[in-house]
Amino acid sequence: MTSPGNGIGAKPKRRRGSRGGRRHKKATAANAEPQAAEPIAPAAKPQAELETKPKRRRGGQRGKKATADAGPSRVTARPPLTTTRARTPVTGAPTEDVPAPFAHPAEYEFARILDFYGITWQYEPRSFPLRWEQGHVTEAFTPDFYLPDLNMYVEITTLKTGLTAEKNRKMRLLKQLHPEVNIKLLKKRDYLRLLSKYGYGPLAPEQVPEIDRVLIPVTKLQRRVGELGALISHDYAGKEPVLIGILRGVICFMSDLMRSISIPAAAVDFMSVSSYEGNGSGAVRILKDLDENIKGRDVILVEDIVDTGMTLNHILEYLQSKRPASLRVCTLLDKQARRIANVPLDYIGFEIPDEFVVGYGLDFRQRFRNLPFIAVLKHDLLP
Ligand code: IMP
């Protein structure tokens with residue numbers, strides 16, 4: 001995030017020679033891709049470790065930092081961050097004390113929003129040379145964030161419109177010189193919109209105060225569901241399996257999974273069963289039975305989550321009684337820690353910890369099914 005150093009919303013100055021406690025490190029190549037890094041936990045630091053905004057001399061990364069190096073292939077870059085992810089809720093958290101390495105409250109808040117949504121980020125991992133004189137870089141641009149999942153650089157701006165001309169000039173230059181770089185210049189309103197565009201909605205975290213944190217973000221879900229579809233397509237090549245989903249939690253998973261299966265004409269069917277309601281009334285009841293005849297067919301049972309395994313155990317026994325040619329299980333989530341019935345799982349999306357999760361079809365009292373990610377519900381809401 002560059003700023004002219006004065007004016008409303010301008011980034012406060014850092015001490016010379018200090019970049020919020022982080023050291024310069026020479027990049028091996030200016031066009032080297034940043035390394036994946038776990039987000040840091042700035043807000044989780046002890047108070048004593050928190051710095052107030054350090055003074056920073058940036059001036060658009062001109063001069064000292066850039067000219068210290070011999071050429072475009074030796075622009076300084078900082079190492080990726082490697083500490084663990086913050087679990088601090090974004091909403092309402094103070095941003096006046098901005099911990100290192102951030103230089104501005106907006107950057108800090110953006111990092112916490114990314115953490116909330118489980119989006120991996122790196123802070124200022126790379127500088128792009130913009131101008132050279134006699135083989136030395138005399139001007140460079142260091143975007144605030146790199147988001148590996150989206151392959152996108154983000155530059156945050158809180159400057160008033162009149163002060164953004166210099167930043168816009170650098171952005172234009174960057175796009176000319178490095179057209180392959182995907183970069184967005186964002187105001188706070190814009191970055192909330194951007195996250196929502198990429199499926200990290202709803203727009204503001206405060207709209208789902210019951211959520212503790214995102215456990216599996218959209219991009220990871222999509223990637224893994226695609227992998228499962230590819231595996232199934234490979235394993236069932238030359239066959240036409242019947243996919244049977246267990247309503248209602250499976251809806252999102254089923255619709256994404258079936259579209260990522262490339263073998264032709266897989267039939268799709270659904271069942272619905274009653275869950276235990278604490279009244280001691282008999283066994284699992286089938287509320288909606290199959291429409292397809294599965295005798296002699298290859299069946300894949302698709303589940304949202306296997307917890308104790310007791311529901312699945314019952315359904316598998318029922319399906320086996322219909323004498324399919326084969327029967328396998330594909331579950332998006334496996335809560336192994338709570339397993340009671342030892343059910344065979346052939347395809348597993350993610351093993352998750354012993355937490356109650358919602359979203360992507362999964363509910364708590366019929367709510368949260370429409371969240372595009374898997375999130376952990378706040379513990380105090382659970383019975
Ligand atoms: P099981 O019989 O204990 O394996 O329970 C399976 C069913 O319980 C799933 O199909 C879900 O409907 C529900 N369930 C278990 N854990 C969760 C959770 O963390 N979130 C939402 N539903 C869950």
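Rules behind the numbers
- Residues numbered from 1 in each chain as written.
- Predicted model: local features only at pLDDT ≥ 70, side-chain atom pairs only at ≥ 80, totals over all residues.
- Heavy atoms only, no water.
- Helix = DSSP H or I, 4+ residues; strand = E, 2+ residues; numbered from the N terminus.
- Expected span 1.5 Å × (residues − 1).
- Buried < 20%, exposed > 50% of the residue type's maximum accessible area, 1.4 Å probe, protein only.
- Pairing = 2+ DSSP bridges.
- Contact = heavy atoms within 4.5 Å.
- Near = heavy atom within 4 Å.
- Polar contact = N/O pair within 3.5 Å; in protein donor to acceptor, adjacent residues only side chain to side chain.
- Areas by Shrake-Rupley, 256 points an atom, 1.4 Å probe, with all protein chains shown as cover.
- Nonpolar A, V, L, I, M, F, W, Y, C, P; charged D, E, K, R; others polar.

Another point: helix α2 (residues 105-116). With 12 residues, α2 extends 16 Å from end C-alpha to end C-alpha; this agrees with the ideal 16 Å at 1.5 Å per step. Among the 12 residues in α2, 12 count as buried, and that is most of the element. Along α2, the residues classified as buried are P105, A106, E107, Y108, E109, F110, A111, R112, I113, L114, D115 and F116.

If you trace the 3 strands from one edge of the open sheet to the other, you get β9-β17-β16, paired in antiparallel fashion. Bordering the open sheet on either side are β9 (211-216) and β16 (357-358), each of which pairs with just one other strand. The pairing of β9 with strand β17 (residues 374-377) spans 4 bridges and is antiparallel. By the bridge assignment, V214 is partnered in β17 with A375.

The next point concerns the environment of L147. Locating L147 in the fold gives a position in strand β6 (residues 145-147). The residues contacting L147, other than those within four sequence positions of it, are L114, T120, W121, M152 and V154.

Taken together, 15 residues are adjacent to the ligand, and D307, T308, G309, T311 and V357 come closest. In the environment of the ligand, an oxygen atom lies 2.8 Å from a nitrogen or oxygen atom belonging to the backbone of D307. Starting from 490 Å² of accessible surface for the ligand in isolation, the protein chains cover 80%. Only β13 (298-306) and α7 (310-320) provide two or more residues apiece to the shell around the ligand. A total of 4 residues in the shell around the ligand trace back to one element, the largest contributor, which is β13. Its residues assigned to classes, the shell around the ligand comprises 6 nonpolar, 3 polar and 6 charged.

Moving on, we get to the pairing of strand β10 (residues 242-247). For β10, the tally of buried residues reaches 5 of 6 residues, placing the bulk of the element in the interior. With 6 bridges connecting them, β10 and strand β11 (residues 267-273) associate as parallel partners. Each bridged residue has a counterpart across the sheet, and for G245 the counterpart in β11 is F270. Alignment of β10 against β13, held across 4 bridges, turns out to be parallel. Bridging from a neighbouring strand, L243 pairs with I300 of β13.

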